[in-house]
Protein chains: 2
Amino acid sequence: MYLAKIYVTYKPSILDPQGVVIKSALERLEYQGIEDVSQGKYFQVKLTGVDKVAVAKEVESLVEELLINHNTETYTYDLEEI
Amino acid sequence: MYLAKIYVTYKPSILDPQGVVIKSALERLEYQGIEDVSQGKYFQVKLTGVDKVAVAKEVESLVEELLINHNTETYTYDLEEI
């Protein structure tokens, strides 16, 4: 069994309105030295496969087919055996 | 400068409706062997501090003050120098 941890973020050219709002809220709360904030999505998917290469392919396929908006988002993932 | 990667997930006792919906969508799309799906939030925060211990404390403070709902969510984070 594998656990895929998938991190979805906006592409660098896309404005991240939630990040902007959080940054300004932190400044209002008097946090110092906050340079940048971005908000993305985090998915954990448990898969029952045994072959890591096949599971990795399945993860990439399901992320690209269902979880991300190709126009605005990009992703990375880690795959660990559990 | 440090980059904090913050992973917010539901507590284990809390129903994750988005995860349930994604799992059933993947099954409809005929993905095999999807055991479990959960959706959380992923934040990247860049901080200008130099002392790692102080920056870690600031990250914990800002997450607990602004980013999570203590009733339903929990979090982990990584801190890397950039």
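A brief report on the enclosed structure follows. Bear in mind the structure is a predicted one, so any value in this text is a computation, not a measurement.

**Digging into the relation of the copies chain A and chain B**
With an RMSD of 0.0 Å, the fit of chain A onto chain B corresponds to turning through 180° and sliding 0.0 Å along the axis. Such a combination of turn and shift is consistent with a two-fold rotation axis. For chain A, the minimum C-alpha distance to the rotation axis belongs to Lys41(A) and amounts to 2.2 Å. When you check the interface residues of chain A against chain B, 100% turn up at the interface there too, and the contact is symmetric in its surfaces.

**Side note on helix 1 (residues 17–28) of chain B**
Residues and elements named next belong to chain B. Given a rise of 1.5 Å per residue, 12 residues ought to cover 16 Å, and the 17 Å separating the end C-alpha atoms of helix 1 matches this to within 8%. Listing the buried residues of helix 1 in full gives Gly19, Ile22, Ala25 and Leu26. Seen along its axis, helix 1 keeps its buried residues to an arc of 125°; they face one direction. Opposite its buried face, helix 1 presents the exposed residues Val21 and Arg28, each directed more than 90 degrees away.

**Description of the side chain of Gln39(A)**
As for its placement among the helices and strands, Gln39(A) is situated in strand 2 (residues 34–47). Among the residues examined, Gln39(A) registers a relative accessible area of 13% and is labelled buried. Non-local contacts of Gln39(A), meaning those with residues more than four positions away in its chain, are made with Tyr10(A), Asp16(A), Gln18(A), Gly19(A), Ile22(A), Lys41(B), Tyr42(B) and Phe43(B).

Conventions used here
- Residues numbered from 1 in each chain as written.
- Chains lettered and ligands numbered in written order.
- Predicted model: local features only at pLDDT ≥ 70, side-chain atom pairs only at ≥ 80, totals over all residues.
- Heavy atoms only, no water.
- Least-squares fit on C-alpha atoms with pLDDT ≥ 70 in both.
- Contact = heavy atoms within 4.5 Å.
- Helix = DSSP H or I, 4+ residues; strand = E, 2+ residues; numbered from the N terminus.
- Expected span 1.5 Å × (residues − 1).
- Buried < 20%, exposed > 50% of the residue type's maximum accessible area, 1.4 Å probe, protein only.
- Arc of directions from axis to C-beta.

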